[in-house]
Amino acid sequence: KPSCLCLLLAQHARARVRAIAVSAMARSIALVCFLVVGLCLVGAVCASAAAVGGNGGRLVNAVYVFGDSLVDVGNNDYLPAPAPRANRPYGMDLPGRPTGRFTNGYNLADVISQRMGFEMSPKPYLSMLPHDKILLGLCKIGANYASGGSGILDTTGKGTLTMRTQVEYFKKAADNMICYPSKEEHLARSLFLLSGGGNDFSAFDPSTASPQAYVVKMVTTYIEHIQALYDMGARMVGILDVPPIGCTPGQRVGMPNGECNEQANSLAQAFNGLLRAKLAEAAEATMKELKYSIAANYNILNNMMDNSLVAGLRHVKTACCGSGKLNAEVMCSHPG
């Protein structure tokens, strides 16, 4: 049951929380609970579980991941500079070396995939060898196309895989899929996980557009990407909305008393609200078979910061690694 799952995840997280600023596991728990419960409420994963009962206990046929560093599991390791890379100390707990994830251990793509019945996130697409591509084409495995530092807009994230590029990579794979009993059925019973938007706000230049126009452009482009996936066969979509970006250590460091940058947070809230409204309209108009859940990343993380001890966190202002004020003036993987 979803409620039991959330309790189990929370207990598991508290047992493993480290004395660091933000535990990747702790952050994952609330998001996973929200996403899994949401998908069950719309009937997507729960209906699929019955239909895919003989699939090794998995709730979906496969997982396909698109987005940024919240879900990237190593694609940037195969990209040249200036694409950011998750060097040490990232990966210190999985399995003790950098894995391409921008966290100490598993990230949200891993944890959500685990709750769908998989060992972890599917492999990064750019790491796939010929035999992996064959398995992908035979619909035996999913793929992770996410790229740390990328955004919804094509202009965000120099050197990274933009979301448009990620969708194009998926189309290349989907065009060559040979599935049993059919590609359509396989994709309809797979989970498409998306995360994006935070980096677009980091790249926002107010001299080129008003904040309102920029948010509209982001939402419009995001829905175009979702529509493209839907047209290729996606029917179950999980979306992580934009977190309170004004409360990251990098934003706090520029504030007088280390408080949140509420102007940045208001942009995130505007995006999240408009995304919900416009996606509902688009689903009704052109994606009638779409079942989706938007995890309230913003609200969940805000609540965890407001109730940090309950969430198992000692610090919410300071980055878990890095240097300078709030550990946020030099990034974690910077040399030295």
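Above this text sits the structure in question.
Residues numbered from 1 in each chain as written. Predicted model: local features only at pLDDT ≥ 70, side-chain atom pairs only at ≥ 80, totals over all residues. Heavy atoms only, no water.

Draft legend 1. Structural view of the state of the cysteines. Scanning the model with the defined rule gives three disulfides in all. Bridging C321 to C332, the disulfide has an S-S length of 2.0 Å. Because the sign of the S-S torsion sets the handedness, a value of about 100° for the bond joining C321 and C332 places this disulfide among the right-handed ones. In this pair, C321 sits in the segment after α13 (308-311) while C332 sits in the segment after α13, placing the two residues 11 residues apart along the sequence. When its relative accessible area of 15% is taken as the criterion, C321 is described as buried. Along the chain, the cysteines engaged in disulfide bonds are linked according to the scheme 1-2, 3-4, 5-6 when indexed in sequence order. Counting only cysteine sulfurs, C321 is the nearest neighbor of C320, a cysteine outside any disulfide, at a range of 4.2 Å. For C320, a relative accessible area of 46% corresponds to the partly exposed category. (Disulfide = S-S within 2.5 Å. Helix = DSSP H or I, 4+ residues; strand = E, 2+ residues; numbered from the N terminus. Buried < 20%, exposed > 50% of the residue type's maximum accessible area, 1.4 Å probe, protein only.)

Draft legend 2. Focus on the pairing of strand β4 (residues 236-240). Counting buried residues along β4, five of its five residues qualify, which places the element largely inside the surrounding structure. Neither face of β4 is exposed, since M236, G238 and L240 on one face and V237 and I239 on the opposite face are all buried. For strand β3 (residues 191-195) and β4, the ladder comprises five bridges, and the chain directions are parallel. Each residue of the ladder has a partner; that of L193, found in β4, is G238. Examined bridge by bridge, β4 and strand β5 (residues 291-295) share five bridges and lie parallel to one another. Residue V237 lies in a different strand from β5, and its bridge partner there is Y292. (Pairing = 2+ DSSP bridges.)

Draft legend 3. Looking closely at the packing of helix α9 (residues 211-231) against helix α11 (residues 262-286). Two elements in contact, α9 and α11, have axes whose closest approach is 9 Å; the angle formed by their N-to-C orientations is 40°. Relative to α11, the element α9 lies oblique. Along this stretch, α9 crosses α11, giving a crossing that reads as right-handed. Seen from α9, the contacting residues are P211, V215, V216, M218, V219, Y222, I223, I226, Q227 and Y230; seen from α11, they are L267, A270, F271, L274, L275, K278, L279, A282 and T286. (Axes fitted to C-alpha atoms, helices over the stretch in contact; angles between N-to-C directions. Parallel < 35°, antiparallel > 145°, perpendicular 65-115°, else oblique. Left-handed = near helix turned anticlockwise from the far one by under 90°. Contact = heavy atoms within 4.5 Å.)

Draft legend 4. Just the pattern of salt bridges, in detail. Per the counting criterion, the structure on display carries nine salt bridges. Where R101 meets D110, a salt bridge forms, and the shortest distance between an N and an O atom there is 2.7 Å. D110 carries the same exposure label as R101, and that label is buried. A salt bridge links E281 to K278; its shortest N-O distance comes to 3.6 Å. A residue pair is termed a helical-turn pair when its members lie 3 or 4 positions apart in one helix, as E281 and K278 do in helix α11 at three residues. (Salt bridge = Lys/Arg side-chain N within 4 Å of Asp/Glu carboxyl O.)

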